[in-house]
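Architecture and fold: a report
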Amino acid sequence: MVGRYTTQSLAASSFVVNLFNVVILCAMGFSYGLTPLIGALFGQKRSDAIGLTLRAGLIANVIVGVLLSALMLCAYFFIERMGQPDELIPLIKPFFLIYLAGLVPMTVFNAFTQWSYAIKNTAMPMWILLGCNALNILGNYALIYGHWGFPELGLTGAGLSTLAARVIAPVAILIVFFTRADYRGYREAFLHGGPIPAGMMERVVRTSWPVALQMTFETGAFSLCAVFAGWIGTISLAAFQIVLVVGTLGFCIYYSVGTAIAVLTANEAGNGLGRACRRPAFDGYVVMLFFMSLSSLIFVVFSRQLMGLFTEDETVLSLATSLLFPLVLYQLGDATQITFANALRGTARVMPMLWIAFVSYILVGLPSTYLLAFPAGLGVYGIELSFSVSLFLAGGLFLAAFLKVTRGAQR
């Protein structure tokens, strides 16, 4: 919707969204540490411990949200030094601040979402997110273009609409948690379960921060690619954003399957690590490969139609469609690394995720991106092509680590 307003708005939103994706995915990854802990407790039917773990997780997640907000506020004062086109700075700065305001509410929603996933109620957060997305679309229509008597605010209007959705989502999930009768056991422990037991907060943080850093390294590498694209120019940055969002249509499906893999693996791990934990991972990988193939087919057949939704600028559209091959190429790597990263997360043995992500995305991925984009002269095509390097490497290393952790005897 922003792309159909102006190409400059699309490019500016690309820069801000990709910059914030680093901290948003870091915060989301931190909340993922709750899934194996609560999932294992759910397998043991320990409602009281689940409520206390959720309380500890909520406190830890909000603290992380505040710290990440402070970090991004510092980054705000260096926007002009990040090498982006001068014409985009007046659009970037207000959009950046609006995005910043939604970060802490997201951490509240993240914590309760992972609790809901871990107790196998994946539908409730889904309906809340779908409802908020619908409101966001309506808000975009009203505030970007100035319909229904609202002012025409362009990119700033899109930011305000997104902020409203990110505030409504945690409010909605809190209302559900505190009112539904079947959540009473969790609610009583959350509110009146006494002090958080010694070691519980430490266990939450110990399980959460490696996942957070894994996602930070992964997202940080991809977001820095947007900075590289901005160095090339506004057209390249806009085209890069289109292809990235189209690719995210696949990524979101893969990560949904990955979350299910993590939950089911955690349920198995609640009764002890062993080869039984492998079944959800490899069954899930079959499902993942199906969706990966379907996504790739859709990208190939409908590439022009999908990318044409974002802009009518033929220069941008031509460049975006030329990136179809690297877009399709990295889908298998993305599906593989998501499968086995989440399987490993479900075992709660998450420390290997840290070094795997650092090696794959920082030590190997970023240099590959820079070399393919600039010394090799491939520009934004090289940036997209480099995604396959890091994703396939990460997928293989996550698989090896998962097999090592679950090499115990079958129950």
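None of these values were measured; they are calculated from a predicted model.

**So, the packing of aromatic side chains**
Any aromatic ring pair is given by two values, namely how distant the centres are and how the planes are angled relative to each other. Scanning all chains against the criterion turns up 31 aromatic pairs. Measuring from ring centre to ring centre gives 5.8 Å for Tyr32 and Tyr255, while their planes differ by 25 degrees; the resulting arrangement is stacked. Remark: Tyr255 occurs in helix α10 (residues 234-269) and Tyr32 occurs in helix α1 (residues 7-32); sequence separation between them is 223 residues. For Tyr32, a relative accessible area of 5% translates into the label buried. By relative accessible area, which is 10% here, Tyr255 ends up buried. Ring centres of Trp115 and Phe177 lie 5.1 Å apart, and the angle between their planes is 90 degrees; on these two criteria the pair is classed as edge-to-face. Taken together, the residues Trp115 in helix α5 (residues 103-118) and Phe177 in helix α7 (residues 155-179) connect sequence positions 62 residues apart. Judged on exposure class, the residue Trp115 and its partner Phe177 are both buried. What links up through ring pairs into an aromatic cluster is the set Phe112, Trp115, Phe177, Phe178, Tyr183, Tyr186 and Phe190. The ring of Tyr99 has Arg166 lying over it, and the distance from NZ or CZ to the ring centre is 4.5 Å. Sitting above the plane of the Tyr32 ring, Arg345 keeps its charged end 4.2 Å from the centroid.

**Brief notes about α10**
The end-to-end C-alpha distance of α10, which contains 36 residues, comes to 48 Å, matching closely the 52 Å that a straight helix rising 1.5 Å per residue would cover. In α10, a bend of some 30 degrees at Leu249 exceeds every other bend along the element.

**Re the environment of Leu249**
Within the secondary structure layout, Leu249 lies in helix α10. Accessibility expressed as a relative area gives 47% for Leu249, which makes it partly exposed. Through-space distance from the C-alpha of Leu249 to that of Thr265 is 25 Å; in sequence the pair is 16 residues apart.

**Let's talk about unusual backbone geometry**
Positive phi, close to 65 degrees, is recorded for Lys120, a residue that is not glycine. Residue placement: Lys120 occurs in the loop between α5 and α6 (123-145). Of note, the phi angle at Trp148 is positive, near 60 degrees, even though the residue is not glycine. With respect to the secondary-structure elements, Trp148 resides in the loop between α6 and α7.

**Remarks on the side chain of Ser116**
With respect to the helices and strands, Ser116 occurs in helix α5. Engagement of the side chain of Ser116 in a polar contact is seen with the backbone oxygen of Asn121, the distance being 2.6 Å. Here Ser116 is in contact with Asn121, Thr122, Met124 and Pro125, once residues within four sequence places are set aside.

**A word on the nonpolar core**
One finds Phe20, Phe96, Phe112, Trp115, Phe240 and Phe387 to be the most contacted residues of the largest nonpolar core, which totals 124 residues. For this core, the element with the most residues is α1, which contributes 15 residues. Filtering out sequence-adjacent residues up to four positions away, Phe20 remains in contact with Met72, Phe96, Tyr99 and Leu100.

**A closer look at the environment of Phe325**
Within the secondary structure, Phe325 sits in helix α14 (residues 324-346). Between the alpha carbons of Phe325 and Leu385 there is a distance of 8.3 Å; along the sequence they are 60 residues apart. Non-local contacts of Phe325, meaning those with residues more than four positions away in its chain, are made with Tyr381 and Leu385.

Calculation notes
- Residues numbered from 1 in each chain as written.
- Predicted model: local features only at pLDDT ≥ 70, side-chain atom pairs only at ≥ 80, totals over all residues.
- Heavy atoms only, no water.
- Phe/Tyr/Trp six-rings, centres within 6.5 Å; stacked < 30°, edge-to-face > 60°.
- Helix = DSSP H or I, 4+ residues; strand = E, 2+ residues; numbered from the N terminus.
- Buried < 20%, exposed > 50% of the residue type's maximum accessible area, 1.4 Å probe, protein only.
- Lys NZ or Arg CZ within 6 Å of the ring centre and 35° of its normal.
- Expected span 1.5 Å × (residues − 1).
- Bend = angle between axes of the 7 residues up to and from the residue.
- Polar contact = N/O pair within 3.5 Å; in protein donor to acceptor, adjacent residues only side chain to side chain.
- Contact = heavy atoms within 4.5 Å.
- Core = buried A, V, L, I, M, F, W, Y, C linked by side-chain atoms within 4.5 Å.

Treat this as a map of the structure, not an account of what it does.
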